[in-house]
Amino acid sequence: MLSARGVVAGYARGRAVLDGVDVTVPRGAVRGLAGPSGCGKSTLARVLALLQRPWSGTVELDGREIRGARYSVPRESRTSVGIVFQQPRPAVDPRMTLREIVSEPLRVRGARQPRARVDELAETTGLDAELLGRMPHEVSDGQLQRACLARAMAPRPRYLICDEMTGMLDASTTAALVRVVTGRVAEEGTGVLAISHDESLLRAWAGDDVIRW
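Conventions used here
- Residues numbered from 1 in each chain as written.
- Predicted model: local features only at pLDDT ≥ 70, side-chain atom pairs only at ≥ 80, totals over all residues.
- Heavy atoms only, no water.
- Disulfide = S-S within 2.5 Å.
- Axes fitted to C-alpha atoms, helices over the stretch in contact; angles between N-to-C directions.
- Helix = DSSP H or I, 4+ residues; strand = E, 2+ residues; numbered from the N terminus.
- Parallel < 35°, antiparallel > 145°, perpendicular 65-115°, else oblique.
- Contact = heavy atoms within 4.5 Å.
- Nonpolar A, V, L, I, M, F, W, Y, C, P; charged D, E, K, R; others polar.
- Salt bridge = Lys/Arg side-chain N within 4 Å of Asp/Glu carboxyl O.
- Buried < 20%, exposed > 50% of the residue type's maximum accessible area, 1.4 Å probe, protein only.
- Pairing = 2+ DSSP bridges.

Engineer: How should I be thinking about the state of the cysteines in this particular structure?
Structural biologist: What we call a disulfide is simply a covalent bond connecting the sulfur atoms of a pair of cysteines. Applying the stated rule across the entire model yields zero disulfides. As a non-bridged cysteine, cysteine 39 has cysteine 162 as the owner of its nearest cysteine sulfur, 17 Å distant. Cysteine cysteine 162 remains unbridged, with the sulfur of cysteine 148 as its closest cysteine sulfur at 12 Å.

The following block contains the structure:
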């Protein structure tokens, strides 16, 4: 289980965005989190994805307390949690091709034959092979978001945080990516926190397991 307990976090000291938040993400299930813009959903996503250290409270990953954030966290723990942001373009290096974007976490880990894994992920996410050689400015937001999801899944994380992942996408792309994530839950037991302001989407994705802020 991935959990935040009593978490207080923010960006400017004295102005907490999260104040005593408790959230758990179980393995093998999708848990939804609904709330309006500005309520701290994205800050929670960053804390759970080990990108931001809370001011107080604890983050636990499968029973082990995680201290620190980013590269101060052991690699095994960092790669256990993937995240997909709402806006794909700020989340990628514009100098990389889509293939390089997807393979980035594999290359960092020194994985053998990352090309085969990238091809597998491209097929899973519906990303045409021809697009893998393109730069971010040469593809649509939907195509780039497919690459971002593939990148997040590349190291086979135990947990996946989807922070408004489909907020900028059309209905068909939204449905396709939700199916991909749901497939990871069923096939690999991935625990998913689906964050959105769209409660109808979350009900379709997570059923009755939706936290409302």
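Engineer: What's the story with the packing of helix α5 (residues 141-153) against helix α6 (residues 171-188) in this structure? I'm lost.
Structural biologist: To characterise two packed helices, one gives the angle between the axes of the helices and the distance between these axes. Axis separation between α5 and α6 bottoms out at 11 Å; the angle between their running directions is 10°. In terms of orientation, α5 and α6 fall into the roughly parallel class. Packed against α5, whose contacting residues are Gly142, Gln145, Arg146, Leu149 and Met153, the element α6 presents Thr173, Ala176, Leu177, Val180, Val181 and Arg184 at the interface. Partitioning the contact of α5 with α6 into residue classes produces six nonpolar, three polar and two charged.

Engineer: Can you help me understand the pattern of salt bridges in this one?
Structural biologist: Proximity of charged atoms lets side chains of opposite charge pair with each other. Enumeration over the complete set of coordinates arrives at 15 salt bridges. Close ionic contact of arginine 99 with aspartate 119 constitutes a salt bridge, the shortest N to O distance being 2.8 Å. Remark: aspartate 119 occurs in helix α4 (residues 114-125) and arginine 99 occurs in helix α3 (residues 98-108); sequence separation between them is 20 residues. On the accessibility criterion, arginine 99 (18% relative accessible area) is buried.

Engineer: In this structure, what is going on with the sheet that holds strand β5 (residues 64-66)? I would like to understand it.
Structural biologist: One key point about sheets: their strands pair by backbone hydrogen bonds, in either a parallel or an antiparallel sense. Read across the sheet, four strands follow the order β2-β1-β4-β5 without closing on themselves; strand pairing throughout is antiparallel. Looking at the sheet topology across the chains shown, the edges are occupied by β2 (15-25) and β5. Across this sheet, the average inter-strand angle for adjacent strands is 40°, counted without regard to direction. In this structure, strand β1 (residues 2-12) lies alongside strand β4 (residues 56-61), joined through five bridges in antiparallel fashion. The residue of β4 that forms the bridge with valine 8 is serine 56. Its contacts with the sheet place helix α1 (residues 41-48) against β1, β2 and β4, and it is angled at close to 120° to β1.

Engineer: How should the pairing of strand β7 (residues 159-163) be read in this particular structure?
Structural biologist: Within a regular strand, side chains alternate between the sheet's two faces. A large share of β7 lies buried, amounting to five of its five residues. Alternating residues of β7 divide into Tyr159, Ile161 and Asp163 and Leu160 and Cys162, and every residue in both groups is buried. Two strands pair when backbone bridges link them, and strand β6 (residues 81-84) and β7 are joined in this way by four bridges, in the parallel orientation. Bridge pairing in β7 places isoleucine 83 opposite isoleucine 161. In the sheet, β7 pairs with strand β8 (residues 191-196) via five bridges, with the strands oriented parallel. By the bridge assignment, isoleucine 161 is partnered in β8 with leucine 193.

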